[in-house]
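# Coordinate inspection notes
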Amino acid sequence: MTTEAAPAHSHNPYHSPAPAAVPARQVLEDAGELLRALAAPVRIAIVLQLRESPRCVHELVDALGVTQPLVSQHLRILKSAGVVHGERSGREVLYELVDDHLAHIVVDAVAHAEEG
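Residues numbered from 1 in each chain as written. Predicted model: local features only at pLDDT ≥ 70, side-chain atom pairs only at ≥ 80, totals over all residues. Heavy atoms only, no water.

### With respect to helix H3 (residues 57-64)
Spelled out, the test is: With a 1.4 Å probe rolled over the protein chains alone, any residue whose accessible area is under 20% of its type maximum counts as buried; one over 50% counts as exposed, and the rest are partly exposed. Numbering of helices and strands runs from the N terminus, with a helix taken as a DSSP run of H or I at least four residues long and a strand as a DSSP run of E at least two residues long. The arc under discussion is defined with respect to the helix axis, by the directions toward the C-beta atoms. Contact between two residues is taken to exist if any of their heavy atoms lie within 4.5 Å; hydrogens are not considered.
Looking at H3, one finds that the buried residues are Val57, Leu60 and Val61. Considered in projection along H3, the buried side chains sweep an arc of 105° and stay on one side of the axis. Where the residues of H3 are buried, they touch helix H2 (41-52), strand E1 (55-56), helix H4 (68-80) and strand E3 (92-97). Backbone geometry just after H3 places Gly65 at a positive phi near 70°.

What follows is the structure in structure tokens.
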């Protein structure tokens, strides 16, 4: 008795049998900007840190082992892309992710890179 193998794409939750509608051009451009904002190792590391809890700049400097100006520069890029926002707490600004979708994108990308 033989059994047929399931199609290779059946395990992919992002695959749909019908062709997907192409999002509006502005949505695609916004998604591209978001992905460009995430496309740097330090920014990926920042997102992973902020996924755990909100952090201030000096905590990110300590965790990542990079300079304060570099962390601040990357935070500005992430903030302008709408990935993070900061809230002043005394003399410091506490940064956190805008939403969990962004963390999922980064976590999935890291997991994919680790697999392969």
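Further notes follow.
### Overview of the sheet that holds E1
Note on sheets: strands pair through backbone hydrogen bonds, and any given pair is parallel or antiparallel. We count it as follows: By the convention used here, strands pair only if DSSP detects at least 2 bridges between them.
Strand order in the open sheet formed by three strands is E1-E3-E2, and the pairing between neighbours is antiparallel. Only two strands of the sheet have a single neighbouring strand rather than two, namely E1 and strand E2 (84-89). Bridge count for E2 against E3 is six bridges, and the pairing is antiparallel. Bridging from a neighbouring strand, Gly86 pairs with Tyr95 of E3.

### Focus on H4
This is how it is decided: For a helix, the expected span equals 1.5 Å multiplied by the residue count minus one.
With 13 residues, H4 extends 18 Å between its outermost C-alpha atoms, agreeing within 8% with the 18 Å of an ideal straight helix rising 1.5 Å per residue. Of the positions making up H4, those classed as buried are Val71, Ser72, His74, Leu75 and Leu78. Relative to the axis of H4, the buried residues are bounded by an arc of 165° and lie together on one face. Of the residues in H4, the exposed ones pointing more than 90 degrees away from the buried face are Pro69, Arg76 and Ser80. Of the surrounding secondary structure, the elements contacted by the buried residues of H4 are helix H1 (25-38), H2, H3, E2 and E3. A positive phi of about 80° marks Gly82, the residue just after H4.

### Brief notes about the side chain of His74
Which entries qualify depends on this criterion: Contacts described as polar in this section are N or O atom pairs within 3.5 Å, which, within protein, must combine one atom able to donate a hydrogen with one able to accept it, while residues neighboring in sequence count only if both atoms come from side chains.
Relative to the helices and strands, His74 resides in helix H4. The buried category is assigned to His74, whose relative accessible area is 11%. A distance of 2.9 Å separates the side chain of His74 from the side chain of Arg43, its partner in a polar contact.

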